[in-house]
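Close look at the chain arrangement
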Amino acid sequence: MKNKPYDKLMRISNRLYNDGLEKAKVRDLSGAAESLRRSLLYNKCNTEARNLLGLVYYEQGEAVSALTEWVISRNLDNYENDADYFLERIQDDPEELENINAAVRKYNLGLEAARLGNIDTAVIQLKKAVGIYPHYVRAMKLLGLLYIRQEEFQKAKKVLVEARAIDHTDTEVLRYLAEVEKNLIPETVKTGLFQTQTPAETEFDEEMGIDHSRKGLFSFFFNDEKPNMLLFMNLIVGVLIGIAVVYYLIVPSKEAQIREEYSASRVDYSSELSAKTAAISQQEKEITSLRKQVDELKSQLNGITYDTIEIAVGDETFSAFFDAWNAYNELRSKEYSDDELMKLSMDLWTLDLKGIQSKYAQDILKKMRDDIYPVAAKLVYKRGKDRLDEGNIQEAIEYLRAAADFDPESDVALYYLGKALEEDGQYNDAIYCYRHMLTVSPRSTLRDYVPQRLEECEAALDALKNSESEETEGDTQGQE
């Protein structure tokens, strides 16, 4: 039975993630960050949203916030998580980390100086912060604000335009830019949109007691002494014509467009419904066929004598097979736990039906594995990685071998299986895993670590060969 409230929360979270992704593509970083934060409110384990939020923070210069999101993401899910790649890229570049730290320190110094009223000192520190870390939007905004306070509007405009190029929709940046543009408007324009009087005319009006303050936009159409009624009537006629055009031309066109869109969506919905109905019918047929195969298999089992079972395969194999079959059907009919799923996957992995000649049994086992392995691969890998981190090498090898069988293209399962085998002294098998990982996943984020691991394995093999050779020579000399 599906958990409808849970599914709804997951859909909302994914929809907000997609919205954040679209906004990030057009550099609406503030809007993207807001959508992604809301996505995480509905599903804190949405690692794709968390990773993207970290990238948005990093692009805005908020490196500390970005690192925080990536660390949380990796702790939530360490299976093929892009957060590993982001963190490794930063950790592999000490200069970048130092620049980030230096920029943050300069920003804090500038902020404190601004609070104390030392504007010149604050400007110097903020300029250094932006120079060290050119994407530091927060420092740019504060620097622009201080320039505005000093009435250095051209400098303010320059730094704020650079901030807007990073984040097109930062509301504070846009508000500061609007203030700068207002102050950069020539004085003749500031006097009013329709103000055309000279200073002498203005002085004359004041002496005569003429008040222009009450003439707003309509002073363009009316003159107190000679009303231009013809111009006003032309305006009214133009408005009426516009209304008529909208009503008779645009509205019918939009109605027709809406009807077409509704018809198209109805057709698409009908097609989708037909496809789903056909799929359900096909699944029902498969279920009926499987039930028939199970009944035939049970009939075969009932017809086998005890001696035959004991000689051919023993009853333990059949018992294990039916236990797995029952567990498989039980899991399909309920909300199961991770431990139940992992146990079934490992039971299926270790189950060997070579002694059973029934094709139905082999087909059913294959179907169960095809259904369970892709779902359980992530859990089994995580269990193996945990065992490796704990130093339990043998269990780690078992789980990681299973994970590599469940997902043959999993770079992480192959890499850490090789590492576990290397620690266990199985260097040839480890070398095979590392090289096979490069073959099936050449773009893996772990590929840069493989050459070193191969070099260490080959060095260990050479050392073993030399040691064996020395022991052989020692034995020969002793015999002589």
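Below is a short write-up of the structure. (Residues numbered from 1 in each chain as written. Predicted model: local features only at pLDDT ≥ 70, side-chain atom pairs only at ≥ 80, totals over all residues. Heavy atoms only, no water.)

Remarks on the environment of Lys292
Note the cut-off: Numbering goes from the N terminus for both helices and strands, where a helix is a DSSP run of H or I of at least four residues and a strand is a run of E of at least two. For every residue, the accessible area (1.4 Å probe, protein chains only) is compared with the maximum for its type, and the residue is labelled buried under 20%, exposed over 50%, or partly exposed between those bounds.
Here Lys292 shows up in helix α13 (residues 229–303). The exposed category is assigned to Lys292, whose relative accessible area is 54%.

Some details on the pattern of salt bridges
What counts, and what does not: We define a salt bridge as a contact between a side-chain nitrogen of Lys or Arg and a carboxyl oxygen of Asp or Glu at a distance within 4 Å.
Within the structure shown, the criterion is met by 24 salt bridges. The partner of Asp339 in a salt bridge is Arg383, with the nearest N and O atoms 3.6 Å apart. Of this pair, Asp339 sits in helix α16 (residues 338–350) while Arg383 sits in helix α17 (residues 359–390), and the two are 44 residues apart along the sequence. The class of Asp339 is exposed, set by a relative accessible area of 53%. Between Glu395 and Arg387 there is a salt bridge; the shortest N-O distance is 2.9 Å. A relative accessible area of 32% places Glu395 in the partly exposed class. When salt bridges with common partners are traced through the structure, they connect Lys141, Asp170 and Glu172 into a single cluster.

Focus on the nonpolar core
To be explicit about the condition: In this text, buried Ala, Val, Leu, Ile, Met, Phe, Trp, Tyr and Cys residues form a nonpolar core when linked through side-chain atoms within 4.5 Å. Contacts are assigned to residue pairs with any non-hydrogen atoms lying within 4.5 Å of each other.
Among the nonpolar cores identified, the biggest contains 55 residues, and Phe321, Leu348, Met368, Val380, Tyr381 and Tyr416 are the most heavily contacted of them. Contributions of two or more residues to this core are made by α15 (315–332), α16, α17, α18 (393–406), α19 (411–423), α20 (427–440) and α21 (450–479). When sequence neighbours within four positions are dropped, the list of residues in contact with Val380 reads Met342, Ser345, Met346, Tyr399, Ala402, Ala403 and Phe406. The next biggest cluster of nonpolar side chains, apart from the first, holds 50 residues, and it includes Tyr57, Phe153, Leu160 and Ile166.

A look at helix α3 (residues 47–59)
Note the threshold: By this rule, a helix spans an expected 1.5 Å times one less than how many residues it contains.
Along its 13 residues, α3 runs 18 Å from first to last C-alpha, staying within 8% of the 18 Å computed at 1.5 Å per residue. By the burial criterion, the buried members of α3 are Thr47, Ala49, Arg50, Asn51, Leu52, Leu53, Gly54, Val56 and Tyr57.

Observations concerning a nonpolar patch on the surface
Just so we agree on the cut-off: Residues forming no salt bridge and having over 30% relative accessible area are the ones grouped into patches, like charges within 9 Å of each other and nonpolar side chains (Val, Leu, Ile, Met, Phe, Trp, Tyr) within 5 Å. In these tables, accessible area is a Shrake-Rupley quantity obtained with a 1.4 Å probe, and a residue counts as shielded only by the protein chains included in the view.
Together, Leu9, Leu41 and Tyr42 make up an exposed nonpolar region whose accessible area comes to about 310 Å². The topology assignment puts Tyr42 in helix α2 (residues 29–42). You can call Tyr42 partly exposed: its relative accessible area is 34%.

So, a negative patch on the surface
The line we're drawing: Charge assignment in this entry is limited to Lys and Arg as positive and Asp and Glu as negative, and neither His nor the chain termini are counted. Where a charge lies is defined by one atom per residue type, namely NZ (Lys), CZ (Arg), CG (Asp) and CD (Glu).
Residues Asp92, Asp93, Glu95 and Asp448 make up a contiguous surface patch of negative charge. Here Asp92 is to be found in the loop between α5 (82–91) and α6 (94–115). Looking at Asp92, the relative accessible area reads 57%, which means it is exposed.

Some details on the packing of aromatic side chains
The condition is simple: Two aromatic rings from Phe, Tyr or Trp, using only the six-membered ring of Trp, form a pair when their centres are within 6.5 Å; if the ring planes differ by under 30 degrees the pair is stacked, by over 60 it is edge-to-face, and anything between is tilted. Cation placement over rings: the criterion is NZ of Lys or CZ of Arg within 6 Å of the ring centroid and within 35° of the ring normal.
The tally for this structure, following the rule as stated, stands at 10 aromatic pairs. Ring centres 6.3 Å apart and planes at 45° place the aromatic pair Tyr381 and Tyr416 in the tilted group. Pair noted here: Tyr381 is in helix α17 and Tyr416 is in helix α19, with a separation of 35 residues, a long-range link. Residue class for Tyr416 comes out buried when judged on its relative accessible area of 16%. Every member of this aromatic cluster is reached through a ring pair, and the members are Tyr58, Trp70, Tyr85 and Phe86. Residue placement shows Arg383 over the ring face of Tyr399; its charged tip is 5.7 Å from the ring centre. When the ring centre of Tyr416 is taken as origin, the NZ or CZ atom of Lys385, which lies over that ring, is 4.8 Å away.

Here we look at unusual backbone geometry
Where the residue is not glycine, phi is negative for most of them; where a peptide bond is considered, it is trans in most cases. Notably, Arg27 is not glycine yet its phi reads approximately 60°, a positive angle. You can see Arg27 is positioned in the loop between α1 (4–25) and α2. A relative accessible area of 27% places Arg27 in the partly exposed class.

A closer look at helix α10 (residues 171–184)
An α-helix turns once per 3.6 residues; consequently, residues spaced three or four apart project the same way. Basically, it comes down to this: The directions considered for the arc are those from the helix axis to the C-beta atoms. Residues adjacent in sequence count toward polar contacts only when both atoms are side-chain atoms; beyond that, a polar contact is any pair of N or O atoms within 3.5 Å, and within protein one must be able to donate a hydrogen and the other to accept it.
With 14 residues, α10 ought to run about 20 Å at 1.5 Å a step, and its terminal C-alpha atoms sit 20 Å apart, in line with that. Listing the buried residues of α10 in full gives Val173, Tyr176, Leu177 and Val180. Looking straight down α10, one finds its buried side chains confined to an arc of 100°; they lie on one side. Contacts made by the buried residues of α10 are with α8 (137–149) and α9 (153–166). For α10, the capping residue at the N-terminal end is Asp170, with a side-chain oxygen 3.0 Å from the backbone nitrogen of Glu172.

Regarding the side chain of Arg387
Within the secondary structure layout, Arg387 lies in helix α17. Within the local environment of Arg387, its side chain forms a polar contact with the side chain of Glu395, the two groups lying 2.9 Å apart. Once residues within four sequence positions are removed from consideration, Arg387 is found in contact with Asn392, Glu395, Ala396 and Tyr399.

Quick notes on the packing of α6 against helix α7 (residues 119–132)
Helix packing for two helices is described by the angle between their axes and how far apart those axes are. As a reminder of what qualifies: Lines fitted to C-alpha atoms define the axes here, with helix axes fitted over just the stretch in contact, and angles between the N-to-C directions of these axes take values from 0 to 180 degrees. What sets the label is the angle itself: under 35 degrees gives roughly parallel, over 145 gives roughly antiparallel, 65 to 115 gives roughly perpendicular, and the rest give oblique. Take the far helix as the reference: if the near one is turned anticlockwise from it by less than a right angle, the crossing is left-handed, and if turned clockwise, right-handed.
Interhelical geometry of α6 versus α7 gives an angle of 165° and a closest axis separation of 8 Å. Judged by the inter-axis angle, α6 sits roughly antiparallel to α7. The two elements α6 and α7 cross, and the hand of that crossing is left-handed. For the pair α6 and α7, the contacting residues are Asn99, Ala102, Ala103, Lys106, Tyr107, Leu109, Gly110, Ala113 and Ala114 in the first and Ile119, Thr121, Ala122, Gln125, Leu126, Lys128, Ala129 and Ile132 in the second.

With respect to the side chain of Lys385
Relative to the elements of secondary structure, Lys385 occurs in helix α17. In this structure, Lys385 is in contact with Asn78, Leu400 and Tyr416, ignoring residues within four places of it in sequence.

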